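So you can see what is in the structure, the chains are spelled out below.
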Amino acid sequence: MQLTRAADYAVRVMIHLASQPEGAVVSKTLLAKAAEAPESFLSKILQSLARAGLIQVRRGVVGGFSLLPRGKRASMLDVVETMDGPFALNICVTPGTSCHRHVECAAHRVWLRAQSAMLEVLRDAKIAEMIPAQESRRALLSTAQVAVSDDPENENKI
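The following paragraphs examine the structure supplied in this document. Note that the coordinates shown come from a computational prediction; the quantities given were computed from them, not determined experimentally. (Residues numbered from 1 in each chain as written. Predicted model: local features only at pLDDT ≥ 70, side-chain atom pairs only at ≥ 80, totals over all residues. Heavy atoms only, no water.)

## Some words on the environment of Thr4
- The residue Thr4 is located in the segment before α1 (5-18) in this model.
- Put simply, Thr4 and Asp84 are 80 residues apart on the chain and 7.2 Å apart in space, counted from C-alpha to C-alpha.
- Among the polar contacts made by the side chain of Thr4, one reaches the main-chain amide nitrogen of Ala7 at a distance of 3.1 Å.
- At a separation of 2.6 Å, a polar atom in the side chain of Thr4 contacts the side chain of Asp84. (Helix = DSSP H or I, 4+ residues; strand = E, 2+ residues; numbered from the N terminus. Polar contact = N/O pair within 3.5 Å; in protein donor to acceptor, adjacent residues only side chain to side chain.)

Okay, structure coming up:
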């Protein structure tokens, strides 16, 4: 089982928007670069995120996209389910379905536990809380690049 590319790109977009200053508007082109996603494919993703009330679309010359308060509070699960619908490891644990074998199926309890654990992890992973980790990595990389460029022995290696 694997997330769709749309869900993966949507998470990247949300993290990028959450890392921007309050009220910042980011163009689709910049979001495509930040998410490493094709701009044409990103349009559909941004529409879905806007319909879900996670981001706001600003039209016009200085238009773009910004994070709404609901988007700031969103979890990875919210974003993934916006793109892909309810997330299920197996058909027998899909909401709204019932498996006629669940009583005698030895695997059913394992699927339920795994489904519950996965949903808990994704629900607990808040988009806004992912920003400090991303910014610290960026700061470390920036510091490492400065250290390398300040070293005269590395002058021609960059």
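Okay, back to it.
## Side note on the packing of aromatic side chains
- A full pass over the atoms with the stated rule returns 1 aromatic pair.
- On the numbers, 5.8 Å between centres and 75° between planes, the contact of Tyr9 with Phe41 is edge-to-face. Separated by 32 residues along the polypeptide, Tyr9 in helix α1 and Phe41 in helix α3 (residues 39-51) bring together distant segments of the chain.
- For Tyr9, a relative accessible area of 8% puts it in the buried group.
- According to the relative accessible area criterion, Phe41 is partly exposed, its value standing at 30%. (Phe/Tyr/Trp six-rings, centres within 6.5 Å; stacked < 30°, edge-to-face > 60°. Buried < 20%, exposed > 50% of the residue type's maximum accessible area, 1.4 Å probe, protein only.)

## Concerning the pattern of salt bridges
- Within the structure shown, the criterion is met by 2 salt bridges.
- Between Arg5 and Asp8 there is a salt bridge; the shortest N-O distance is 3.2 Å. Taken together, the residues span about one helical turn, with Arg5 and Asp8 both in helix α1 at a distance of 3 residues.
- Asp8 is paired through a salt bridge with Arg12; the nearest N and O atoms lie 2.7 Å apart. One end of the pair, Asp8, and the other, Arg12, are both in helix α1, 4 residues apart, so they sit about a helical turn from each other.
- Classification of Arg12 by relative accessible area gives partly exposed; the value is 27%.
- Look at the salt bridges and you will find they share partners, linking Arg5, Asp8 and Arg12 into a network. (Salt bridge = Lys/Arg side-chain N within 4 Å of Asp/Glu carboxyl O.)

## Focus on the side chain of Ser19
- Tracing the chain through its elements places Ser19 in the loop between α1 and α2 (28-35).
- A polar contact is formed between the side chain of Ser19 and the backbone oxygen of His16, at a distance of 2.7 Å.

## Points about the pairing of strand β2 (residues 64-67)
- A two-sided burial pattern is seen for β2, the buried positions comprising Gly64 and Ser66 on one face and Phe65 and Leu67 on the other.
- Relative to β2, strand β1 (residues 55-58) runs antiparallel, the two being bridged by 4 bridges. In the sheet register, Gln56 faces β2, and the bridge partner there is Ser66.
- Taking the residues that link successive antiparallel strands as the turn, the β1-β2 hairpin has 5 residues, and the phi of Gly60 there is positive, at about 110°. (Pairing = 2+ DSSP bridges.)

## Examining α2
- Within the sequence span of α2, burial applies to Leu31, Ala32 and Ala35. Buried residues of α2, seen end-on, are gathered within an arc of 105° and therefore sit on one face of the element.
- Lining the buried residues of α2 we find α1, α3 and β2.
- In the stretch just after α2, Glu36 is the one whose phi turns positive, near 50°. (Arc of directions from axis to C-beta. Contact = heavy atoms within 4.5 Å.)

## Quick notes on the packing of α1 against α3
- Orientation of α1 relative to α3, taken along the N-to-C sense of each, is 70°, at an axis distance of 10 Å. In terms of axis orientation, α1 runs roughly perpendicular to α3. Considering only the axes of α1 and α3, their crossing is right-handed. Taken together, the residues of α3 that come into contact with α1 (itself represented by Arg5, Ala6, Tyr9, Ala10, Val13 and Met14) are Phe41, Leu42, Ile45, Leu46 and Leu49.
- When grouped by side-chain class, the residues that make up the contact of α1 with α3 number 10 nonpolar, no polar and 1 charged. (Axes fitted to C-alpha atoms, helices over the stretch in contact; angles between N-to-C directions. Parallel < 35°, antiparallel > 145°, perpendicular 65-115°, else oblique. Left-handed = near helix turned anticlockwise from the far one by under 90°. Nonpolar A, V, L, I, M, F, W, Y, C, P; charged D, E, K, R; others polar.)

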